[in-house]
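Structure assessment
Below are the chains, spelled out letter by letter.
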Amino acid sequence: MQKLMINGQEHDLDVADDMPLLWVLRDVMGLTGTKYGCGIAQCGVCTVHLDGQAVRSCVLPVSAVAGRKVTTIEAVGEQPVGQAVQQAWLAHEVVQCGYCQSGQIMSAVALLQQHPKANDEQIVDAMSGNLCRCATYTRIRAAIKSVSQA
């Protein structure tokens, strides 16, 4: 039995200790905003927050998150920074196919929570592990920069 705090709510889940957090979120909890990409933590599509830090949920065993706070794309907009990033994404028309965007937003929010006035180097570093097949990187950086300058 795993006791998890997901999006501000406590859950007791009967799942295997080694089950990846991604599958707990998607298959057990029904929170499908977090996507499956590569399965080896290389693309960033599965990014969620663990105690405010961006982590890859596809390789993170659920036992490693017990007693810690998990935030997914479904709840990130409840935070002021998350809401600002989501609005910037719309204003800069970042989304093309959209598949990677939940992971992109989660990484951007984690960055801006740690560095509210992030500079270009910090933005590039924080976002370097998130791949976008549609190559909207310029718009992603512009959206993040607009929030960091607000």
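See the structure shown above.
Keep in mind that what you see is a predicted model, and the values were worked out from it rather than measured.

Reading the values: rules and limits
- Residues numbered from 1 in each chain as written.
- Predicted model: local features only at pLDDT ≥ 70, side-chain atom pairs only at ≥ 80, totals over all residues.
- Heavy atoms only, no water.
- Axes fitted to C-alpha atoms, helices over the stretch in contact; angles between N-to-C directions.
- Helix = DSSP H or I, 4+ residues; strand = E, 2+ residues; numbered from the N terminus.
- Parallel < 35°, antiparallel > 145°, perpendicular 65-115°, else oblique.
- Left-handed = near helix turned anticlockwise from the far one by under 90°.
- Contact = heavy atoms within 4.5 Å.
- Nonpolar A, V, L, I, M, F, W, Y, C, P; charged D, E, K, R; others polar.
- Salt bridge = Lys/Arg side-chain N within 4 Å of Asp/Glu carboxyl O.
- Buried < 20%, exposed > 50% of the residue type's maximum accessible area, 1.4 Å probe, protein only.
- Polar contact = N/O pair within 3.5 Å; in protein donor to acceptor, adjacent residues only side chain to side chain.
- Expected span 1.5 Å × (residues − 1).
- Arc of directions from axis to C-beta.

1. A short note on the packing of helix H4 (residues 101-114) against helix H6 (residues 137-148)
Where H4 contacts H6, the two axes come as close as 11 Å, and the packing angle between them is 30°. Viewed along their axes, H4 and H6 adopt a mutual orientation that is roughly parallel. Both H4 and H6 take part in a crossing whose hand is right-handed. Between H4, through Gln101, Gln104, Ala108, Leu111 and Leu112, and H6, the contact on the second element is made entirely by Ile140, Ile144, Val147 and Ser148. Considering only residue class, the contact of H4 with H6 consists of six nonpolar, three polar and no charged.

2. Notes on the pattern of salt bridges
Within the structure shown, the criterion is met by four salt bridges. Two residues, Glu10 and Lys3, come together in a salt bridge whose shortest N-O distance is 3.3 Å. One salt bridge in this structure joins Asp51 and Arg68, with 2.9 Å as the shortest N-O distance. Of the two residues, Asp51 is situated in the loop between strand S3 (47-50) and strand S4 (53-56) and Arg68 in the loop between S4 and strand S5 (69-71); the sequence distance between them amounts to 17 residues. Exposure remark for Asp51: the relative accessible area of 41% places this residue in the partly exposed category. Look at Arg68 and you get partly exposed, because its relative accessible area is 33%. Via salt bridges that share partners, Lys3, Glu10 and Asp12 belong to a single interconnected network.

3. Points about the side chain of His49
By secondary structure assignment, the location of His49 is in strand S3. A distance of 2.6 Å separates a polar side-chain atom of His49 from the backbone oxygen of Met106. Leaving out residues up to four positions away in the same chain, His49 has contacts with Ala54, Lys69, Val70, Thr71, Val76, Met106, Val109, Ala110 and Gln113.

4. Some thoughts on H6
Between the first and last C-alpha of H6 there are 16 Å, a value that for 12 residues agrees with the 16 Å anticipated at 1.5 Å per step. Ile140, Ala143, Ile144, Val147 and Ser148 are the residues of H6 that are buried. One side of H6 carries all its buried residues, which in axial view fall inside an arc of 135°. On its buried side, H6 packs onto helix H3 (80-91), H4 and helix H5 (120-127).

5. Considering the side chain of Ser57
The residue Ser57 is located in the loop between S4 and S5 in this model. Overall, Ser57 belongs to the buried group, its relative accessible area being 0%. Among the polar contacts made by the side chain of Ser57, one reaches the main-chain carbonyl oxygen of Cys46 at a distance of 2.7 Å. Setting aside residues up to four positions removed in sequence, Ser57 forms contacts with Pro20, Leu21, Leu22, Thr34, Cys46 and Val48.

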